[in-house]
Amino acid sequence: MASYIQRMLLKKTGFHKPSLILPLWQTFKYLFIQAAFLKVAADVLAFMSPQIMKAMIMASESQPSSCWRGCGYAVALFFVVLSQTLLRQLYQRNNILTAVRIKTAVVGLIYKKALTLANSSRQNYTTGQIVNLMSADAQQLLEMAVTMNQLWSVPFQIIVAVVFLWKELGPSVLAGVALLFLVIPVNVHIAAKVRRLKKSQMKYSDQQVKLLTEILHGIKILKLYAWEPAYQRKILSIREREMDVLKSSGYLTAYSMLTLTCIPFMVLLATFGAYFHLDKENVLTAAKVFTSISLFNILRQPLFELPSVISAVAQTRVSLSRLEDFLFAEDLNPEDVSTNYSGNHAVGFTDASFCWEKNGLPILKNLSVKIPEGSLVAVVGQVGSGKSSFLSAVLGEMEKLEGTVQRRGSVAYVSQQAWIQNDTLQENILFGADLNRPYYNLVLESCALLPDLEQLPDGDQTEIGERGVNISGGQKQRVSLARAAYSNADLYLLDDPLSAVDVHVGKHLFEKLIGPSGLLKSKTRILVTHNLTLLPHTDLIIVMEEGRISQMGTYQELISKRANFVELVQNFGAERTSEETTPMEVSSSKEEGQLGRKLQQKGLLKHKDSSFGQRKAHTNNKEEVAAGGMKMSVVLKYLQAFSWRWMWLTIAAYIGQNALGIGQNLWLSTWIAETAQVSDFTEWKQSRNYKLSIYGLLGFIQGLLVCCGAYVVTRGSLSASRVLHGQLLDNVLHLPLQHFVTNPVGRIISRFTKDLSVVDVRFHFYLGTWLNFTLDVIGTILVITSASPLFIVVIIPLGHFYLIIQRYYIASSRQIRRLVGASQPPVISHFSETLVGRSTIRAFGYQERFIRKNYDVVYENVVCVYNNLISNSWLTVRLEFLGNLMVFFAALFVALSGNTVSSSTVGLLISYGLNVIQILNLWVRRACEIETNAVSIERVCEYATMDKEEPWIKSKRPPMGWPDRGKIEFVNYKAHYRKDLGLVLNDVSFQTQSKEKVGIVGRTGSGKSTLTNCLFRVLEGCEGKIIIDGIDISTIGLHDLRGNLNIIPQDPILFSGTLQSNLDPLGKHSDLELWEVLELCDLKDFVWSLPKKLLHEISEGGDNLSVGQRQLLCLARALLRKTKILVLDEATASVDMETDNFVQSTIKREFHNCTVLTIAHRLHTVMDSERVLVLDAGRILEYDTPQNLLQQKGAFSEMVAEAGIRR
């Protein structure tokens, strides 16, 4: 279906902006036409009821009245309203089915488009915006499809009603029609305002979702830097602008409610006034009045729907425009890369230049190279020289400006930042392929994953969390490599995969997988690397410099002929004296196993459970679907946020308006009854203007009360939206980091989008209309039973049946609504996951498989949505049937009463009876909507009950300038992720001196990162304590602790916004200080060359900077903080050796008077430390100077020997 619409869209391209409407119409036109016929039949039947009522009134006026004729009319009325109910529900079912299909097709279109979007277009559409298109705009099309037939049905009903009114009141009806036409421009103006407001709200919603998504993905950075309040203020600032839009929209609603309430009685007033004015002898009879009132009541519904339909059309136009802009944004050009060519080279460039954005500055210039099939090619160069861009150009991810690009065969791509799916580890490796067990095991061994599988709780069936949150960076990269290796592709593009792994693992990967004797030895491999010691073992070396190929050839050719290359190797390879990594020296799995056995013999691997516990703690949680009835506490929370003051004012306004409505009808009935009791109408004619004025005055006061009620509800709803959003945001930011590790981001995002949308737009409307309908029902029953007491006998059993149906419906509808809520996050999560990994998906050519996966998760959600909508039809049929019985019995009792009831009373009772069908249906529906939509409030409020971090600020605060020495002491410290899991740190005790440089080493899962987490209290200990400069850190607030520590993390996370806001989100530092730290990080020249300099816009996730540049910006952040304690968490894993040396020297110089804890994969970075801490399974193995540890021939000595480091 989506493919057909996509083909139709492509046909519609031309000089004008293509439209999505025509392809949708071509696809679903027969369903729309079928629904239109059902709608016409239902509308025609609606106008038969007033005619039957008129006949009953006239029959009651005849002398003598026929009881049987009255009973016949009652039966006819019953069958007419019953047929109308069935036809209307068939129409609704048809509409729902069509609407759901449209939404599914549009979501499929958006997903397909996201996979083909060019990078220049991607800059204009963040993940949050695209997710919003899929959730909000596609939903708007669904809602419009449900009500689309109202576009012609509303005018049709208005015309038919006017024709029947002309028959009753003659030309005087034109006065009412003229008034209607005067009001239409007001509704059009309001709709135009609503459209503009909707566009503004969508803009702010996009901004909020975008920022929130980035915050949640970078939550670890926010917590480590204590930046939550700064970003909380940013979110609240956007939210306040959105609230202003909602306020304006609410006030427009209040004004439109005044107009819509006043229109029916004003039309009636104008019509009756004109009726009297046209002929002084005209007298209103019960038949004329109540037939006219019933027709006006029918007229009221389309009039009420008219602004909604106009508003829905306006909102749909906005959504369609957004969707059309996105669907016709520029795609990648598959013809940029030629796959059919002659020659034996796997990849070829001829005078090719590339940029990221169309008409942007070229990033790669004049590339000319041919890479032979089966060769191993190394791409080297400094940070920002264009190495990763080179691979992107091969993949066709960049805009080609000139030249040719050639590529042959299937491709496997390993990105620099590993992309991991939220699936089992095995499925991440298979990537949709069938399992070939022998080859699969060979790939696991080649990628050094077998030891990791032993640590994971379910081996290769362990579910990996979103973005690989429950495995380490090195494990993520190895899984990514395994995925590429298992694909058995012809061409392998490897973007620095060895930077995230330990030295011994890196050597294993090169020998067993990538190198000349590895598993992929017969394949073409293009390896971006910073490890120049691998270069002698490659077939071709490409040296990148400022986007150009500066040098190219074999290692021996470049060494012998190129002085610049020799200098480059000397600069980069200064570490070779300390870190010799000849691949032939790679420690085999056997040697690694021998080392493991040695450690086991020493009693150092007895605590394997700690690693097991850590992984188990990180296993991804499935969202639980709540069960049982709605708790009254949920509604009470909403009412508290709504404010009791606004609630009591709302109740008073609603009671007043309903009392005045009943008073209006009783006044009219009494007035009309006088015509049957007098023979001389002279006195009646003299008082008619006065009585008509009273009728009008009652209606006008009622309209004012309706307007006041709408205003009060708007104020209360704004208060509730502000309070609940603020509480949700505060609760989410106070959650411990562990929660974000084990729960998908989509689950939290859905609270801020779908669930808060219910709070903002729907819930107060449902509460207000339920209260109004409740008072309507009570008033209707009182009016009917006061005139016909026997009716009470029918009301009691019918009321009982109503309650049974309501209880039965609510029990299922509530659970269906919860299933809808639970099925939405997987759609968003899969969509977000795809957007992050689309380069990898495109490289492997697996777009169709991911489109099918998207179809599956969308289908699961759509099944729940459809059942939710269709259950409403189930309810409506049964409720309206009971309402039809009410009308039947009311008419029957009137017929049986004969002449004892006046004709005006007959008209009043039957008109109320006809009205009660719709009111009772809406009353029960609103009660159900309140209960089912309360699920959204329940989901918003559930974060309040979750375990939170310790307070950010406590009453006990450290002194100013703390810590002033940087002395850290761990005392018998123990920690676990959960009480039922093993210890991840076990009896850790050590002490650093002031300004001491300490290196922390250990294998994967040894507790290095856990130690850092405990220092920052990301993980709280269960025993022991950590003391910094004499203060137990557990006694002070988290922000007092984290704000006085400093860290350069392994993952260089940036947020969209200016470069300045990324360096200094709190705004504490001057521009001069920022330029100083940029100069220290060797970024000043780069930033100065940017058009906007410090105000340069960073794209989402920092995608418009290289990984190395992002890491240097993280270093600049750390330099700004100037604290006495710095933690380096494998901070130079993503940079080349020269940049690594530069960073290390900068740190030594700028942090010489600080205590520095360094966690590193590259052992040379800790060899200059004053002391080294060796961890294994959460315990300290060794803690001494590097020289002493080397002499002791212990675990550290073995690790150094294994890495080939010579001192």
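In this text, all values refer to a predicted model and were calculated from it rather than measured experimentally.

### Details of unusual backbone geometry
1) Next: The omega torsion of the bond from Trp-962 to Pro-963 falls at -10°, within 30 degrees of zero and hence cis.
2) Next: One non-glycine residue with positive phi stands out, namely Lys-995, at about 65°.
3) Next: Mapped onto the secondary structure, Lys-995 falls in the loop between strand S12 (985-991) and strand S13 (997-1001).
4) Next: Although it is not a glycine, Lys-1193 sits at a positive phi angle of roughly 60°.
5) Next: In this structure, Lys-1193 sits in the loop between helix H39 (1186-1192) and helix H40 (1195-1203).

### Observations concerning the packing of aromatic side chains
1) Next: Overall, the coordinates contain 33 aromatic pairs when judged by the stated rule.
2) Next: Between Phe-78 and Phe-79, the aromatic rings sit 5.6 Å apart at their centres with planes inclined by 70°, giving edge-to-face as the arrangement.
3) Next: Through pairs of rings, three or more aromatic residues link up here, namely Phe-78, Phe-79, Phe-881, Phe-888 and Phe-889.
4) Next: The residue whose ring lies beneath Arg-849 is Phe-431, and the NZ or CZ to ring-centre distance is 4.8 Å.
5) Next: Over the aromatic face of Trp-1088 sits the side chain of Lys-1093, whose NZ or CZ is 4.9 Å from the ring centroid.

### Brief notes about the UniProt feature "transmembrane region" (unreviewed entry) in the protein chain
1) Next: As annotated by UniProt and renumbered to match this structure, "transmembrane region" (unreviewed entry) occupies residues 172-192, 251-276, 646-672, 692-713, 881-898 and 904-924.
2) Next: Helix makes up 100% of residues 692-713 and strand makes up 0%, while its end C-alpha atoms are separated by 32 Å.

### A few points about the sheet that holds strand S9 (residues 540-545)
1) Next: A sheet is described by the order of its strands in space; here six strands give the open sequence S6-S7-S8-S4-S9-S10, paired in mixed fashion. Each edge of the sheet is formed by a strand with only one pairing partner; in this case those strands are strand S6 (411-414) and strand S10 (548-553). Taken pair by pair, the neighbouring strands of this sheet meet at an average axis angle of 15°, ignoring direction.
2) Next: As paired elements, strand S4 (residues 376-381) and S9 share five bridges and run parallel to each other. Paired with Ala-378 across the bridge in S9 is Ile-541.
3) Next: The strands that helix H17 (residues 503-514) touches are S4, strand S7 (491-495) and strand S8 (524-528); relative to S8, the one it contacts most, it runs at about 160°.

The rules behind each value
Residues numbered from 1 in each chain as written. Predicted model: local features only at pLDDT ≥ 70, side-chain atom pairs only at ≥ 80, totals over all residues. Heavy atoms only, no water. Helix = DSSP H or I, 4+ residues; strand = E, 2+ residues; numbered from the N terminus. Phe/Tyr/Trp six-rings, centres within 6.5 Å; stacked < 30°, edge-to-face > 60°. Lys NZ or Arg CZ within 6 Å of the ring centre and 35° of its normal. UniProt positions renumbered as here; feature names shortened; annotations may be inferred. Pairing = 2+ DSSP bridges. Axes fitted to C-alpha atoms, helices over the stretch in contact; angles between N-to-C directions. Contact = heavy atoms within 4.5 Å.

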